[in-house]
Amino acid sequence: MAHDEGLYARRSRVMFESGDWIAPWGTVHHKTPGPYWIIAISYQLFGISEASVRLPSMITGILSILLIYEIGKILLNQKLAWLAGLILSVQFLWLQYCRLGTPDVPMIFLVLLAIWSLLKAELHPKYGYVWIFIAGLSLGLGFLVRSLMIFLPIVALLPYLIGEHRRHRHLTNPYLYLGFAVGLIPTLTWLWLNWMRYGNDSYKELFRFVIQLGSNERGGNGIIFYFWNVPLKAFPWFFLGLLGLVLLIRRPLPRYNFILVGFPVALFAELSFFSTRLPHYSLCLYPFIALLAAVGLSWLGGWGYGEIRGRKQQLHNLTKRVAGHLSYALGGLGILLVLAGIVILIRVDDVEIRKYATIGLIMGLGWLILPMLWIGRYHLDRYWLAGWLIPCWLALAVAGSLGLLGDYNPDVRVFLQQPAIAAILQNHPIYFLQIDGKTAVLLNFYTPVHGEPVNSITELPASSYAWISATQGAELTTPHQVIGTVQQHQLIEVF
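Procedures and definitions
Residues numbered from 1 in each chain as written. Predicted model: local features only at pLDDT ≥ 70, side-chain atom pairs only at ≥ 80, totals over all residues. Heavy atoms only, no water. 1 Å grid on protein atoms, 1.4 Å probe; cavity = no way out; pocket = protein on both sides within 12 Å on 5 of 7 lines; lining within 4 Å. Points joined across faces, edges and corners; volume = space filled by probe spheres on them. Helix = DSSP H or I, 4+ residues; strand = E, 2+ residues; numbered from the N terminus. Nonpolar A, V, L, I, M, F, W, Y, C, P; charged D, E, K, R; others polar. Core = buried A, V, L, I, M, F, W, Y, C linked by side-chain atoms within 4.5 Å. Buried < 20%, exposed > 50% of the residue type's maximum accessible area, 1.4 Å probe, protein only. Contact = heavy atoms within 4.5 Å. Pairing = 2+ DSSP bridges. Phe/Tyr/Trp six-rings, centres within 6.5 Å; stacked < 30°, edge-to-face > 60°. Lys NZ or Arg CZ within 6 Å of the ring centre and 35° of its normal. Salt bridge = Lys/Arg side-chain N within 4 Å of Asp/Glu carboxyl O. Axes fitted to C-alpha atoms, helices over the stretch in contact; angles between N-to-C directions. Patch = residues over 30% accessible without salt bridge, like charges linked within 9 Å, V, L, I, M, F, W, Y side chains within 5 Å. Areas by Shrake-Rupley, 256 points an atom, 1.4 Å probe, with all protein chains shown as cover. Arc of directions from axis to C-beta.

## Focus: the layout of surface pockets
Over the atoms a probe the size of a water molecule is rolled, and this reveals where empty space is left. Empty space within the largest pocket amounts to approximately 730 Å³. Lining the largest pocket are 33 residues, with F92, Y356, I359, A399 and L404 positioned closest to its centre. Among the elements of the structure, α5 (92–97), α13 (225–233), α18 (317–347), α19 (351–367) and α21 (382–401) are those that each provide at least two residues to the lining of the largest pocket. A total of 8 residues in the lining of the largest pocket trace back to one element, the largest contributor, which is α19. For the lining of the largest pocket, the per-class residue count stands at 24 nonpolar, 5 polar and 4 charged. As a volume, the second largest pocket reaches approximately 540 Å³. The wall of the second largest pocket is formed by 27 residues, among which E50, L416, L442, F445 and Y446 lie closest to the centre. Contributions of two or more residues to the lining of the second largest pocket are made by α1 (2–18), α3 (50–75), α22 (410–416), α23 (419–427) and α24 (438–446). At 5 residues, α1 tops the list of elements feeding residues into the lining of the second largest pocket. Its residues assigned to classes, the lining of the second largest pocket comprises 14 nonpolar, 7 polar and 6 charged.

## As for the nonpolar core
Counting 106 residues, the largest nonpolar core has W237 and W384 as its most contacted members. Excluding residues within four positions of it along the chain, W237 makes contact with I87, V90, Q91, I289, A293, L297, W388, L389 and C392. With 16 residues, the next largest nonpolar core counts I424, L425, V486 and L491 among its residues.

## Some thoughts on the pairing of strand β4 (residues 489–494)
Most of β4 sits out of view: 6 of its 6 residues are buried. Across 6 bridges, the pairing between strand β2 (residues 464–469) and β4 is antiparallel. Note on β4: the bridge partner recorded for I468 is Q490. Strand direction decides the pairing type here: strand β3 (residues 480–486) and β4, joined by 6 bridges, are antiparallel. Paired with Q481 across the bridge in β4 is E493. In textbook terms, the turn of a hairpin is the stretch between consecutive antiparallel strands, and for β3 and β4 this stretch comprises 2 residues, one of which, Q487, has a positive phi near 45°.

## Brief notes about the packing of aromatic side chains
Under the counting rule described, the total for this entry stands at 20 aromatic pairs. Measuring from centroid to centroid gives 5.1 Å for F225 and Y226, while their planes differ by 70°, and the two rings are edge-to-face. Judged by its relative accessible area of 4%, F225 falls in the buried class. Take Y226: its relative accessible area is 0%, and that puts it in the buried class. In textbook terms, an aromatic cluster arises when at least three aromatic residues are bridged by ring pairs, as seen for W237, W367, W374, W384 and W388. The ring of F445 carries R13 above its face, with NZ or CZ at 5.9 Å from the centroid.

## Examining the pattern of salt bridges
According to the stated counting rule, one finds 12 salt bridges in the structure shown. Between R54 and E5 there is a salt bridge, with the nearest N and O atoms lying 2.6 Å from each other. Taken together, the residues R54 in helix α3 and E5 in helix α1 connect sequence positions 49 residues apart. With respect to burial, R54 and E5 carry one shared label: buried. A residue is classified by how much of its surface remains accessible, and R54, at 11% relative accessible area, is buried. Connected through salt bridges with shared partners, the residues E122, E164, R167 and R255 form a single ionic network.

## Re the sheet that holds β3
Ordered by their spatial adjacency, 4 strands build an open sheet running β1-β2-β4-β3, and the pairing between neighbours is mixed. Across the chains shown, the open sheet's two edge strands, defined by having one partner strand only, are β1 (430–432) and β3. When strand polarity is set aside, the average angle formed by the axes of neighbouring strands in this sheet is 25°.

## Focus on a nonpolar patch on the surface
Taken together, the side chains of Y127, Y129, V130, Y175, L178, V182 and I185 make up a nonpolar region of the molecular surface, amounting to roughly 620 Å² of accessible area. Elements with a contribution of two residues or more to the nonpolar patch: α7 (128–146) and α11 (174–198). For the nonpolar patch, the element with the most residues is α11, which contributes 4 residues. Among the secondary structure elements, Y175 is positioned in helix α11.

## Looking at the environment of D436
Along the chain, D436 falls in the loop between β1 and α24. What makes D436 exposed here is its relative accessible area of 61%.

## Some remarks on unusual backbone geometry
Note the cis peptide between F235 and P236, where omega equals 0°. One non-glycine residue with positive phi stands out, namely R169, at about 60°. For R169, the position within the fold is in the loop between α10 (165–168) and α11. Residue R169 is classed as partly exposed on the basis of its relative accessible area of 46%.

## A short note on α23
Buried within α23 are the following residues: I421, I424 and L425. Considered in projection along α23, the buried side chains sweep an arc of 95° and stay on one side of the axis. Counted as exposed and oriented over 90 degrees from the buried face of α23: P419, Q426 and N427. The elements touched by buried residues of α23 are α22, β1, α24, β2, β3 and β4.

On their own, these measurements won't tell you what the molecule is for.
Dropping the structure here:
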């Protein structure tokens, strides 16, 4: 986890401390500066800390849930919008990235804001030009936050923009393009200032990076990667969302099916054909998985979806059988998780494994709620719907309390909090001697004062401190003292 978040945090810190908000790294950069500006502003307001790095994602994550509620009210109804907001808030990958200092959740917020604004423009034509302007502005700002990757959700909007154009006329509204142009102003200004320093390389690097992502697989993640990764990371909501998708394809919603069905299907296809496939690239699907899961779950519970169609609908035999089978299946999964958790807690001494066993035990006990409610004839009640949410909420709460959401490198944290280590880091410049990897990213961020760049140990001044790899330390002949070692890296004092 150290690489992305640590790099964003460190680069933002360099930008903040240097006062150079264009290109403080001394070379042309491959990403637009939006994420660095946001985190640097957070540093300015609240100081340099983990909380400051993650605060923008936390805020935009909460706002995104509120936007899904508002979008759900327009597309579906208030009950399903409420349910979709709850489902989104207990999806693991979503919650994880709402607590990471990366640009993924801020970009999704802008995409959802654009979609909500397009829908509001339809509902309130009198102020349509304002809402259309906001939609274009949001998508334009998406370039600042996520560079050319914003094209993926923009293209996924085309089924709605083109398919329903005869009705809403968004594509011929000049305020959409005006807002988009205004949203591009910060990015274009940065590009121009960058071009004055580095010439054509300033924008060539942006395209080169995206072309590289689009042409190289990473980690052997082939075209079927999202077909198993998204269901796994969004369990059990993906399968309920799949049910909701089938229901909406068979009985389409008037006017809005191109958003509720067209957008996630088009985005899923784009992500699958894009060569670099990583779990967090699919995050933009998760709000729509929540909406579709709300449709599927309400159909199983016998309420909500019938109201979408403008008529009440009783829980017929097929629905009842499916809901009952799912309740017992998840109850069986709960029993397996409880048994596995108990066995691991009794027989395994590894602390990290025991943490996951605790989460499995809690989630397993939670899943036992569903069959108990079903047997107790609460399947027509909202308690049964709550039985789907409670296990996920409990598991995430336990994961947070155990440090598995946010505290990804406790060894580094504990090491740096030692009084002797903390005193050295706060009072002396620390040199970095050819170290790399995830731990090096963290040490770069948590080291307050960096020494001048050096290429060898012989260039270090006397009585200075440096981070080196343990391999370098074993080969070092210069008189030195090892102050401490963490994850194959050493803090040394050179005599």
